[in-house]
There are 2 protein chains.
Amino acid sequence: MEITGGFWHARRETNARVSIPQGPALLESAGNLHNLRLAAGAAEGEFRGAYPFVDTDVYKWLEAAAWQLGQGADPSLAAEVGRIVSLVAGAQQDDGYLNTWFQLVKGGERYQDLRWGHELYCAGHLIQAAVAHHRTTGSEELLTVARKFADHIDTVFGSPGSGRPVDGIDGHPEVETALVELYRETGERRYLDLAGYFVDRHGHGLLGHEAYCQDRVPLREATDVEGHAVRQLYLLAAAADLATETGETELRSAAERLWHAMTAAKTHLTGGLGAHHDWEDFGDPYELPNERAYCETCAAIASVQWSWRMALLTGSARYSDLVERTLYNGFLAGVSLDGERWLYVNPLQVRDGHTDPGGDQSARRTRWFRCACCPPNVMRLLASLDHYLASGDADGLQIHQYTEGTYTHGPFTVRAETDYPWQGTIALTVEAAPDDRPWTLSLRIPQWCREFRVRVGERTYDRADAPVEDGWLRLARVWRPGDRLVLELALEPRLTAADPRVDAVRGCVAIERGPLVYCLEGADHPGGGLDDIVLDPTRPLAVRHRPDLLGGVTTVIAAGVRRPLPDPGWWPYRAAADTAPAAPGGPVAPGSPTTPGGAVELTAAHGDPVELTAVPYPVWANREDGAMRVWLPVS
Amino acid sequence: MEITGGFWHARRETNARVSIPQGPALLESAGNLHNLRLAAGAAEGEFRGAYPFVDTDVYKWLEAAAWQLGQGADPSLAAEVGRIVSLVAGAQQDDGYLNTWFQLVKGGERYQDLRWGHELYCAGHLIQAAVAHHRTTGSEELLTVARKFADHIDTVFGSPGSGRPVDGIDGHPEVETALVELYRETGERRYLDLAGYFVDRHGHGLLGHEAYCQDRVPLREATDVEGHAVRQLYLLAAAADLATETGETELRSAAERLWHAMTAAKTHLTGGLGAHHDWEDFGDPYELPNERAYCETCAAIASVQWSWRMALLTGSARYSDLVERTLYNGFLAGVSLDGERWLYVNPLQVRDGHTDPGGDQSARRTRWFRCACCPPNVMRLLASLDHYLASGDADGLQIHQYTEGTYTHGPFTVRAETDYPWQGTIALTVEAAPDDRPWTLSLRIPQWCREFRVRVGERTYDRADAPVEDGWLRLARVWRPGDRLVLELALEPRLTAADPRVDAVRGCVAIERGPLVYCLEGADHPGGGLDDIVLDPTRPLAVRHRPDLLGGVTTVIAAGVRRPLPDPGWWPYRAAADTAPAAPGGPVAPGSPTTPGGAVELTAAHGDPVELTAVPYPVWANREDGAMRVWLPVS
């Protein structure tokens, strides 16, 4: 499809005008390009960078730039891509191997440290870049490099008895999805088989049965997501790909089961994934901290990639529900509005008086990282975002995400006009259709959406008479060019509470509107911090569009109070009975809500009234450094 | 003083009979003793161990064993100490330097990596061991080694202009307190001066101004504790020592200020310290997670050491309030009841279905650690626990902690009989006193204690007529041998709530009784997990002593319910209004408690009734691996 305006178009423009063009200079100053020249024998000096996977920063940038070239001619970008593709090609060894860390620092130790070496991970990103480059430009140059490396890997890795010297997997999955893509791009079945081999060999102790490396248990036997979040997600994306290509039901079932386990108990409200800073780990079910949420930007990206594959594999809309939530929140918060600064981790809370240690895992936006995996990953997803919004089959078109633009599949073309997510109205016009045969226009009714109306011609349907099946409103008729349909999704702001097992947010609510999670920022609440604020859930929420604020956002206004905080003295714990003074205004009236079964009590709070201005989470941390909260206490 | 029976006596017996005697074999198998033999040229092989500070495991064990020898003759332990002291002496270099890692692995790189090298940290523990050895055995052998190393350090380190070649500090404080102790043991003023130099040079960028290394800001200017918890606490213990020895008020004020900041906002209910697993960091104020509490056992020990010094420096009882809480909870949980297994981190929650990654930071008890700092640290504190319980001056005796035993200072001797903390009655008998002059017997009335009575002869006082000043009940009279006093501390179990800024425990209470924090364990609640349990705070708590359980503990019985948990489907977040169904039994009666200002609502919960059995936190994790919770939801 083509995105032509609106919310995502603006962010993609910044990606195209600022983020991607700045990439080569950043890769130069961080040493990544220097390493390629060194490996090619075209420069002198030492390997630069702290990790064996620094080449992937280049590959992910190349992939982003390649997708961007597919959006339209850009001679200067094309020249940069050409220059860097040549650097990559020059660094490749004669047998196809390519990894500057091993070539320059660990000469002769290929494939001996698969747990940490990232050699296949790097190959994967190279392949992804090459597929994008070939698909959008037709150039064979990078694809030739990638195939040569893939062919080399195919001579090295294989099961015992295969005659290949190494039975092994990479500590960081990525090559698996890449090989499936390479199969799709080239038609070479052995790339698919190699992807299948790598997926299958996880969980058999080749890497010491470590959960971190996705080696504790075979994927088909796993009951929960675990270990390093990005690794787990890339592996599961490959499982979905393989199930799609091979039709294997056991792998599909495993992927469905693990997706459910993840979303039901290990996903932050923002779609962010990964509860632990150390080992970038998923953590336990319902362990979803706020200030120490890890929620790596790359994990959000990997989640989008996996969920999209699940949507294509299963046809179920829930996967695109998660894609939407993740794109708008956990993913997009990773890049600043100006396209120049990044977040590696995406917490749901920054306390008043937060002392930031700096570094990659800072809660403050950073120009670039020592481990710069996230920025070019954001670039490539934004540049290829149009891949994730719609699908099609012989029977018609399925619109998964709403944006201003043109959705096309085969003979079906539908034009959308919308200011979503600020407005809930999406006007669709059929622009091309097969002659005189019925086909189905399927519209995802988002999981967050309580009420909607759809007008087709003179008829209006709502939820009562427009059945939604598995998340889809399927409209089958003889759609003809010029036919119009208007979908109106009710966008009232809402208060959201969590399962009582999510201990971190007990007694709190979050503000949401449409697909957007909202947060409070210190900048909008002068005269105090955020940690003494209590939201009053008995008062209505209001919506205020602010074209002046943060590039133009719709804010949600809520009523709150600044509660009087106790003087803790030297000890902040007290007898529980001491903390419940009589309420101002006397006893609670009969009929007040009560709090059985883990429910959130929606009663008025007491203190100094304060108007709360909530801004969308994806635009937080674009003003001065300050406090932020997604989850707000109500008592 | 001498501890002769009761709670601590039993744990110290296990320390003496099991933990300390097993030390040499564990140090042998981990390679620590091998390294000393290697450095002495008395063995062949490679350095063993993962850290440059492995020698300290030996030194801390020696210190523990030395204090133990002070409790009474033990020929076999004395022989082991003599053997290992000889190994240490043999490894020392001619100029006094001693660090097996640098001698064996990093030859010639002394004092070049002060940030991570731990050379002075190791020297500090050697000195502490030597002081203990000298004090309890009179032997000069280890003290000579320590002095030789200290003298060497004194020739190397000094301010610019001092003529010493290195102006530097160690990344891990410890040598500072040790040098003060060495000064006290030997009377050599230059050891005190050297300690002062090291304390003063923190915060001036010698280690890149890193908070982790206590180098961000000079101690006298600091407003909050920060960075690596153990490092911060050892440095502050040294500050208290220096303020005691020099009378410097600025350093004393800084120590008082930082202690207040720490206890008011960065201390877990158990006395545990350190909120972050990564970098073992204090974290932000009020950031006190449960399942990811770090609360390193060594940090609890360091906290006891610092607070005890503050108690001696200031005379204020609050410091011993924290010592008591920490000893009974955050510290003692670090060792199993059998004295053979350890916890490095001390979480306040283990979820149902917790997946433990193993390793040093496991929530499961471990026989020994790669970084084995905690076990011998526990051993030395238990073996020297009698140092932390009482103080004295010309005017009398101050009893800080209650235990069965004999408190002595100068002419004052008081014998205590008590089953504290299971019972609140402490019977004190004066056994020795100066002739015919009034002196003051000061009793700490614990901060947790609401009511007490004290009987002296035929008179009984309570809080109304026995004024407590700054935590002390001071009883001045002509105490004579044979005089008796009975203190009764009311030990009703209680529910405790936290400052509303402690987000992690919103809507929760903890059960406490006396100095003990209680927790639920899965083992006492068959037929379900812990994460669906809600405590009913409207029902009374009961006490049940269980001689059969966990070595004999008093349990607290509470009423709770198992709440029906929602089926989360694939998404655990819901519209807040959806989560508040009408309460069974109709609307809330007028006069029900309400929840203004962050208070905890004490209303009945709904679900299947369940009797909750809470056990003392220090004995958790002594049965099968399972779930545990200190903080219990009430709604």
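Residues numbered from 1 in each chain as written. Chains lettered and ligands numbered in written order. Predicted model: local features only at pLDDT ≥ 70, side-chain atom pairs only at ≥ 80, totals over all residues. Heavy atoms only, no water.

(A) Expanded view of the pairing of strand S10 (residues 459–462) of chain B. Residues and elements named next belong to chain B. Pairing analysis gives four bridges linking strand S9 (residues 452–456) to S10, with the strands arranged antiparallel. By the bridge assignment, valine 456 is partnered in S10 with arginine 459. Once S9 ends, the chain turns through two residues before running back antiparallel as S10, passing glycine 457 with a positive phi of about 60°. (Pairing = 2+ DSSP bridges. Helix = DSSP H or I, 4+ residues; strand = E, 2+ residues; numbered from the N terminus.)

(B) Inspection of the packing of helix H3 (residues 55–69) of chain A against helix H15 (residues 374–383) of chain A at higher detail. Residues and elements named next belong to chain A. One can describe the packing of H3 onto H15 by two numbers: an axis separation of 8 Å at closest approach and a directional angle of 20°. In terms of axis orientation, H3 runs roughly parallel to H15. You can see that H3 and H15 cross each other, and the crossing is left-handed. Every residue of H15 that contacts H3 at Asp57, Lys60, Trp61, Glu63, Ala64, Trp67 and Gln68 is listed here: Pro376, Asn377, Met379, Arg380 and Ala383. (Axes fitted to C-alpha atoms, helices over the stretch in contact; angles between N-to-C directions. Parallel < 35°, antiparallel > 145°, perpendicular 65-115°, else oblique. Left-handed = near helix turned anticlockwise from the far one by under 90°. Contact = heavy atoms within 4.5 Å.)

(C) Quick look at the packing of aromatic side chains. Counted according to the given criterion, the structure contains 52 aromatic pairs over all chains. On the numbers, 5.1 Å between centres and 55° between planes, the contact of tyrosine 197 of chain A with phenylalanine 198 of chain A is tilted. Of the two residues examined, tyrosine 197 of chain A and phenylalanine 198 of chain A, each falls in the buried class. Taking the centre distance of 6.2 Å and the plane angle of 75° together, the rings of tyrosine 328 of chain B and tyrosine 420 of chain B count as edge-to-face. With a gap of 92 residues between them, tyrosine 328 of chain B in helix H14 (residues 318–331) and tyrosine 420 of chain B in the loop between strand S6 (412–418) and strand S7 (425–432) connect regions that are remote in the sequence. Each member of the pair, tyrosine 328 of chain B as well as tyrosine 420 of chain B, is classed as buried. The ring of tryptophan 479 of chain A is capped by arginine 477 of chain A, whose NZ or CZ atom sits 4.7 Å from the centre of that ring. Between the NZ or CZ atom of arginine 110 of chain B and the centre of the ring of tyrosine 97 of chain B, over which it lies, the distance is 4.0 Å. (Phe/Tyr/Trp six-rings, centres within 6.5 Å; stacked < 30°, edge-to-face > 60°. Buried < 20%, exposed > 50% of the residue type's maximum accessible area, 1.4 Å probe, protein only. Lys NZ or Arg CZ within 6 Å of the ring centre and 35° of its normal.)

(D) Highlighting the sheet that holds strand S4 (residues 396–399) of chain B. The strand order across the open sheet built from five strands is S3-S4-S8-S12-S11 (chain B), with neighbouring strands paired in mixed fashion. Edge strands, defined here as strands with exactly one partner in the open sheet, are strand S3 (390–393) and strand S11 (468–469) of chain B.

(E) Highlighting the pattern of salt bridges. Summed over all chains, the structure comprises 96 salt bridges over all chains. A salt bridge links glutamate 256 of chain A to arginine 252 of chain A; the shortest N-O distance between them is 3.2 Å. Linking glutamate 256 of chain A with arginine 252 of chain A, this pair stays in helix H12 (residues 249–265), spanning four residues, or about one helical turn. Classification of glutamate 256 of chain A by relative accessible area gives partly exposed; the value is 26%. Of the residues examined, arginine 252 of chain A reaches a relative accessible area of 29% and is grouped as partly exposed. Close ionic contact of arginine 110 of chain B with aspartate 95 of chain B constitutes a salt bridge, the shortest N to O distance being 2.7 Å. Here arginine 110 of chain B is found in the loop between helix H5 (100–104) and helix H6 (114–117), whereas its partner aspartate 95 of chain B is found in the loop between helix H4 (75–91) and H5, with 15 residues between them in sequence. Residue arginine 110 of chain B is classed as partly exposed on the basis of its relative accessible area of 26%. By relative accessible area, which is 36% here, aspartate 95 of chain B ends up partly exposed. Several salt bridges converge on common partners, so that one network encompasses Arg135, Glu181, Arg184, Glu185, Asp241, Glu245 and Arg309 of chain A. (Salt bridge = Lys/Arg side-chain N within 4 Å of Asp/Glu carboxyl O.)

(F) Highlighting the pairing of strand S6 (residues 412–418) of chain A. Residues and elements named next belong to chain A. Counted residue by residue, S6 has six buried out of seven residues, so it is predominantly covered. Relative to S6, strand S5 (residues 404–409) runs antiparallel, the two sharing five bridges. Within the sheet, the bridge partner assigned to histidine 409 lies in S6 and is phenylalanine 412. Counted along the chain from S5 to the antiparallel partner S6, the turn is two residues long, and its residue glycine 410 has a positive phi close to 55°.

(G) Expanded view of unusual backbone geometry. The residue after tyrosine 420 of chain A, namely proline 421 of chain A, is reached through a cis peptide bond having omega 5°. Even without being a glycine, aspartate 436 of chain A presents a positive backbone phi close to 50°. Inspection of the secondary structure assignment puts aspartate 436 of chain A in the loop between strand S7 (425–432) and strand S8 (439–444). Here cysteine 295 of chain B, not a glycine, exhibits a phi torsion of approximately 45°, which is positive.

(H) Layout of the packing of helix H3 (residues 55–69) of chain B against H4 of chain B. Residues and elements named next belong to chain B. Remark: H3 packs on H4, axes separated minimally by 10 Å, with the N-to-C direction vectors making an angle of 145°. Here H3 runs over H4; the crossing is left-handed. Residues Val58, Tyr59, Trp61, Leu62, Ala65, Gln68 and Leu69 of H3 form the contact with H4, whose participating residues are Leu77, Ala78, Glu80, Val81, Ile84, Val85 and Val88. Of the residues belonging to the contact of H3 with H4, the class tally is twelve nonpolar, one polar and one charged. (Nonpolar A, V, L, I, M, F, W, Y, C, P; charged D, E, K, R; others polar.)

(I) View of the sheet that holds S7 of chain B. All names here are of chain B. The antiparallel open sheet is built from seven strands, whose spatial order is S1-S5-S6-S7-S13-S9-S10. Among the strands making up the open sheet, the edge pair consists of strand S1 (2–5) and S10. Shown here is a sheet whose adjacent strand axes are inclined to one another by a mean of 20°, direction ignored. With respect to the sheet, helix H1 (residues 6–30) is in contact with S1 and strand S5 (404–409), its orientation differing from that of S1 by roughly 95°.

(J) Spotlight on a negative patch on the surface. A cluster of acidic side chains, namely Glu451, Asp462, Asp465 and Glu492 of chain A, defines a negative patch on the protein surface. By the element assignment, aspartate 465 of chain A lies in the loop between strand S10 (459–462) and strand S11 (468–469). (Patch = residues over 30% accessible without salt bridge, like charges linked within 9 Å, V, L, I, M, F, W, Y side chains within 5 Å. Areas by Shrake-Rupley, 256 points an atom, 1.4 Å probe, with all protein chains shown as cover. Lys, Arg positive; Asp, Glu negative; His and termini not counted. Charge placed at Lys NZ, Arg CZ, Asp CG, Glu CD.)

(K) Quick peek at the side chain of threonine 366 of chain A. Inspection of the secondary structure puts threonine 366 of chain A in the loop between strand S2 (349–350) and H15. Separated by 3.1 Å, the side chain of threonine 366 of chain A and the backbone oxygen of arginine 364 of chain A make a polar contact. (Polar contact = N/O pair within 3.5 Å; in protein donor to acceptor, adjacent residues only side chain to side chain.)

(L) Just the state of the cysteines, in detail. With the rule as written, the count across this model stands at zero disulfides over all chains. In this structure cysteine 298 of chain B is not part of a disulfide, and its nearest cysteine sulfur, from cysteine 374 of chain B, lies 3.5 Å away. (Disulfide = S-S within 2.5 Å.)

(M) Structural view of helix H14 (residues 318–331) of chain A. Most pronounced at arginine 325 of chain A, the bend in H14 of chain A amounts to some 30°. Extensive coverage of H14 of chain A is indicated by the burial of 13 of its 14 residues. (Bend = angle between axes of the 7 residues up to and from the residue.)

(N) Quick peek at the confidence of the model for chain A. Residues and elements named next belong to chain A. Model confidence for chain A is summarised by a mean pLDDT of 94, while 96% of its residues fall at 70 or above. The low-confidence segment residues 580–601 (pLDDT under 50) makes 58 contacts with residues lying over four places distant or belonging to another chain. Among the prediction metrics, the complex's ipTM stands at 0.93, with pTM recorded as 0.94. (pLDDT = per-residue confidence, 0-100.)

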